[in-house]
Amino acid sequence: MAASGVAAPTRTEVLQLYRSLLRVAREFCDYNIREYTKRRTIDAFRDNKNLTDPSQLSAAFSDGKAQLEVAKRQTLVYSLYAPKVKSIMDIKPS
């Protein structure tokens, strides 16, 4: 039913968005925020994996793109105010 005029994103575009969100999550210097962003990305994509309606797919995809932009801005803000001491989770055993 293409009567709605909404073009659903392709599988490649969705996977590209997923990878981009995970890449941005790795840029957070704080362990807790990094893991939260990663977990939230994985959970959101898992929740939306069974969407079939093109309008719902497009809405979820545009929401994901908006979240990507927010995450990019937040990595910059968090890098400006990075904690001086590393988290115990970031310290590698020697």
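Throughout what follows, the structure given in this document is the object of discussion. (Residues numbered from 1 in each chain as written. Predicted model: local features only at pLDDT ≥ 70, side-chain atom pairs only at ≥ 80, totals over all residues. Heavy atoms only, no water.)

The next thing to look at is the environment of F28. Counting through the fold element by element, F28 comes out in the loop between α1 (11-26) and α2 (31-47). Residues F28 and V77, 49 residues apart in the sequence, show an inter-C-alpha distance of 9.7 Å. Leaving out residues up to four positions away in the same chain, F28 has contacts with I33, R34, T37, A71, Q74, T75 and Y78. (Helix = DSSP H or I, 4+ residues; strand = E, 2+ residues; numbered from the N terminus. Contact = heavy atoms within 4.5 Å.)

On to the pattern of salt bridges. Summed over all chains, the structure comprises 3 salt bridges. A salt bridge links K38 to E35; the nearest nitrogen and oxygen atoms lie 3.5 Å apart. One end of the pair is K38 and the other is E35, both in helix α2 and 3 residues apart, which spans about a single turn. The partly exposed category is assigned to K38, whose relative accessible area is 35%. The partner of D43 in a salt bridge is R46, and the shortest N-O contact between them spans 3.6 Å. (Salt bridge = Lys/Arg side-chain N within 4 Å of Asp/Glu carboxyl O. Buried < 20%, exposed > 50% of the residue type's maximum accessible area, 1.4 Å probe, protein only.)

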